[in-house]
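Topology and contacts: notes
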Amino acid sequence: MFSYKPLLHTMIEKDITKTQLCQILGCSKATIAKISKNEYMSMEILDKICTLFDCRIEDVIEHIK
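The model shown is predicted, which means the values in this text are computed figures rather than measured ones.

Thresholds, definitions, all that
Residues numbered from 1 in each chain as written. Predicted model: local features only at pLDDT ≥ 70, side-chain atom pairs only at ≥ 80, totals over all residues. Heavy atoms only, no water. Helix = DSSP H or I, 4+ residues; strand = E, 2+ residues; numbered from the N terminus. Rg over C-alpha atoms; globule rule 2.2 N^0.38 Å. Buried < 20%, exposed > 50% of the residue type's maximum accessible area, 1.4 Å probe, protein only. Contact = heavy atoms within 4.5 Å. Areas by Shrake-Rupley, 256 points an atom, 1.4 Å probe, with all protein chains shown as cover. Polar contact = N/O pair within 3.5 Å; in protein donor to acceptor, adjacent residues only side chain to side chain.

**With respect to the overall build of the chain**
When you go through the chain residue by residue, the secondary structure sums to 4 helices and 2 strands. The C-alpha atoms of the chain give a radius of gyration of 11 Å, which matches the 11 Å a tight globule of 65 residues would have. If you line up the chain on its principal axes, its C-alpha atoms span 30 × 20 × 20 Å. Taking all 65 residues of the chain together, 35% fall into the buried category. Look at the contacts in the chain between residues 6 or more apart in sequence, and 62% of them connect residues 24 or more apart. When the accessible surface of the chain is totalled, it reaches about 4,500 Å², and 55% of it is carbon and sulfur.

**Remarks on the side chain of Ser3**
Looking at the element boundaries, Ser3 is found in strand E1 (residues 2-3). Using a relative accessible area of 5% as the deciding quantity, one classes Ser3 as buried. A polar contact is formed between the side chain of Ser3 and the backbone nitrogen of Lys5, at a distance of 3.1 Å. Setting aside its immediate chain neighbours within four residues, Ser3 contacts Asn38, Val60, Ile61, Glu62 and Ile64.

**A few points about the side chain of Thr31**
With respect to the element layout, Thr31 can be found in helix H3 (residues 29-37). For Thr31, the side chain forms a polar contact with the side chain of Ser28, separated by 3.0 Å. Non-local contacts of Thr31, meaning those with residues more than four positions away in its chain, are made with Met41 and Ile45.

**A closer look at the environment of Met41**
If you trace the backbone, Met41 turns up in the loop between H3 and helix H4 (43-53). Separated by 10 residues in sequence, Met41 and Thr31 have C-alpha atoms that sit 7.0 Å apart. Among all residues touching Met41, those that are not within four sequence positions of it are Tyr4, Thr31, Ile35, Leu46 and Ile49.

Rendered as structure tokens:
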């Protein structure tokens, strides 16, 4: 299972809400809702998030056994 907990932590540090993230990335609210549900997100969106926050993938998603 994958978790977006690191992304939520990064968003808190950067003071960015899910709505703001959605607007910045130009993606749908359904895509951003997947963060709370730990559901699949495309690599394209993950790439945009990493680029936006200038971070590594480990700062966005973690694998939980």
